[in-house]
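Report on the structure
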Amino acid sequence: MRKFSLGKLALPVYSVLALVFLLTPIAYTILFSFNDSTRSNTVWEGFTLRHWAQVCNRQDVCDAVTNSIVIGIISTIFATILGTALAIALVRYSFRARSLVSLSLFLPMATPEVVLGAGLAGLFFNAGVGAGMVTIIIAHVMFCLSFVVVTVKARVQTLDPTLEEAGADLYANPRQVFRKITLPLLMPGIISAALLSFALSFDDFIITYFNSGSVSTFPKYIYVAAARGVPAEANVIASAVFILAIVIVLATQIRGAIKRAKLAKS
Amino acid sequence: MAFAAFGGGAPAKDNSTKRKGGPIVLALILPGLIYLGLFFMTPLVSLLVTALESPDPSGAIGAYFYDLNFGNFATVLTDYMPQILRSFGYAFAATVFALAISYPLAYFIGVKLRTSPLIQRLMLTLVIAPFFISFLLRTIAWKQLLSDDSGFVSLLHSLHILAPSQFFLGSDAAVIFGLTYNFIPFMTLPLFTNLERLDTRLLEAASDLYASPNKVFRKVTLPLSMPGIISGTLLTFIPIAGDYVNASRDFLGSSKTSMIGTMVEADFLQNWNYPSASALSVLLMGLILVMVTVYVRRSGTEDLL
C-alpha cells in the first residue's frame, strides 16, 4: 500500500518541482527590485522601496520602457487588424491562394529571429532607410501577424455561421452583420490575440536589436546594461508588468469560473 | 506538408460551410499578404542576394557588389563550423531536456488535474507566467544564482563534479541549462493542448486488456500525444538554434560558447561584413528547413496535425 501511494505522489511532486524551477528566477527578479543597491544589482544589500518610489530617477530605463510601450501598442493595432482579416478569410472563404497564404503565415514562425532580424536590417540598409522607431514597428508587425492569425482563427472556427445568416434574414446588410454580429462574437479571440501580440512585441530582443539603430527598448536596454550590471529600476518595471499581467489573467479566469458555475446552476 | 505542423494548414473538412469569396476575400487577404511579401519574403531574398556579394574593389569597409560569389558559403562553412555544430548540438540537447521536464508536467496538468479545473487553470497560469517577465532578466537571475561564488557551484566543487579551478558559468552546460529553462513553456503548452484532449478511456481499455502501465504509456499515450510532441519540439528547437543571448558572455556563456547567432550579429552589426552574415543566416534557415521537413516526414504525422 505504502509503495503504491508513493508512486502516486511522484507525478504531482515532479510537477510542483518543475514549476518551482520555472518560477525561481521570477521570484529572484522581483526580490531584487527591493534591493538597496546603488549601481550593479548583484548582491543583496538590504530591503528598500526606493527603486519603486523613484523608478524614473533612471531616465534611460523609463525612456526605454516608454519606447517599448509605444512600439507595442502601434504594432499590436496593425498586426491585429491585418491578422483578423486573414483569419476570417482563411476560415470562412475558399480561395485558390489559400495554401500560399498558409505557407507565408507559417514561415515567419519557423524562421529563427536572427534571420528575420538580419534580413530586414539588410533590406532597410539597401533601401537607405535609417533604423529607428518605424523600422522596429515594421519588424514587430511582421512577426506578430502570424500569431494573431493562429489565435483569431481558433475563435472564428467556433463561430456559428447561422447567427450571421439569421442577421441577414432579418434584413441586416453585410456591413451591419459584420459590425453587430461577427465582430462582437470574435472579440474574445481578437483581445487575446492583441494581448499576445503586445507581449511578443514588448519582450522581443533579437529582431529589435538588428533594426533599432540608436533607439532603445526595454529588452535592448537590459541586454546592453548586462555587461556592467542591470540597475534595480529595470527589475521594478519588469516586476510591475509581471504583477499586472498575472492579475489580469487570474481575474479573467476567476470570472470565467464564476460564469461557468452560474451556468451550471441555471 | 511540414507547415501543417503548427496548425497553420488548412483543414479540408469543413468546406461545406465555406463561401466562395470574390472581392471580399481579396480585401481580407491582400493587405496581410502584401505586408508579408514586403517585409518577410523580400528580406529573405535580399539575404540570398547579399550572401553572393564580394567586397567592393575600392576596399571601403562595408561596401560590397553583387558578384554571384558562392565562395561566401564555403568561407562561412569552414570559418564557423564550430558555431554551426554548437548551435545544433545545444538545440538538440536543450530540446530533449525541455521535453523530459515538460511531458510529465503537461500530463499532470492536462490529464490528472481534469477533476479539479480551478487548480488546473492555476497551474497553467504558472506555466505561462515566465512569458510576462523579460527573458533577459530571468536569464540574468540564473547568472547570479549560479555565479562562481554561489552555493550551487560550491556544492559542485564539494561533490567533485567540478574541479576547484572550474566554474559553471561560461560552460556548454550553463548555456544548455539556460536554453532549456527559457524554452520549457514553449514545449509544455502544445503538449498540454494535446494531452488535455487525451481520451483516458483508451488507457483504461488497454489496461483492462492486461497491458502493464509501462506498456499503456508506450503503446497508447505516447503515440496519441505525438502531434503535441512534434509541435513542442519544433517550437523549441528552431528558436533555440537561432538564439545567442543565453550563449553571450554577458549572460550564461563565454567566448567558447558562441553560436550561429553570435557570429551573424558580430558580422552584421560590428564588422559590417554583410555577405558573411547573410550567407550564415541563409545557411541556418536552410539547415532548419531541411531538418524540420525530414523530422516531420519521419514522424509520419504530417497529415494528422
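Residues numbered from 1 in each chain as written. Chains lettered and ligands numbered in written order. Predicted model: local features only at pLDDT ≥ 70, side-chain atom pairs only at ≥ 80, totals over all residues.

In this section: the nonpolar core. One finds L86, A118, L145, I222 and A234 of chain A together with L280 of chain B to be the most contacted residues of the largest nonpolar core, which totals 144 residues. Composition of this core by domain shows at least three residues from each of domain 1 (1-58 + 233-266) and domain 2 (59-230) of chain A. Beyond its immediate sequence surroundings of up to four residues, I222 of chain A is in contact with V230 and A234 of chain A together with S134, L136 and L137 of chain B. (Core = buried A, V, L, I, M, F, W, Y, C linked by C-beta atoms within 7 Å. Buried ≥ 20, exposed ≤ 12 C-beta atoms within 10 Å, placed from the backbone. Domains from an automatic or database assignment. Contact = placed C-beta atoms within 7 Å.)

Quick look at the domain arrangement of chain A now. All names here are of chain A. Domain parsing of chain A yields domain 1 (1-58 + 233-266) and domain 2 (59-230). Contacts between the two partners involve ten residues from domain 1, matched on the other side by twelve residues from domain 2. Of the residues belonging to the side of domain 1 that touches domain 2, the class tally is four nonpolar, three polar and three charged. (Nonpolar A, V, L, I, M, F, W, Y, C, P; charged D, E, K, R; others polar.)

So, about the confidence of the model for chain B. Residues and elements named next belong to chain B. For chain B, per-residue confidence averages 88 on the pLDDT scale, and 91% of positions sit at 70 or higher. Contacts from residues 1-16, a stretch scored under 50 in pLDDT, to residues over four places away or in other chains number 35 contacts. Our summary of model confidence lists the complex with pTM equal to 0.89 and ipTM equal to 0.88. (pLDDT = per-residue confidence, 0-100.)

Residue-level contacts link 76 residues of chain A with 75 residues of chain B. By residue class, the composition of the side of chain A that touches chain B is 58 nonpolar, 14 polar and four charged.

Residue and element names in this part refer to chain A. Running from N to C, helix α4 (residues 98-110) and helix α6 (residues 133-158) point in directions that differ by 120°, and their axes come no closer than 9 Å. Seen from above, α4 lies across α6 with left-handed handedness. In contact with L105, P108 and M109 of α4, α6 contributes M142, F143, S146 and V149. For the contact of α4 with α6, the residue count by class is six nonpolar, one polar and no charged. (Axes fitted to C-alpha atoms, helices over the stretch in contact; angles between N-to-C directions. Helix = DSSP H or I, 4+ residues; strand = E, 2+ residues; numbered from the N terminus. Left-handed = near helix turned anticlockwise from the far one by under 90°.)

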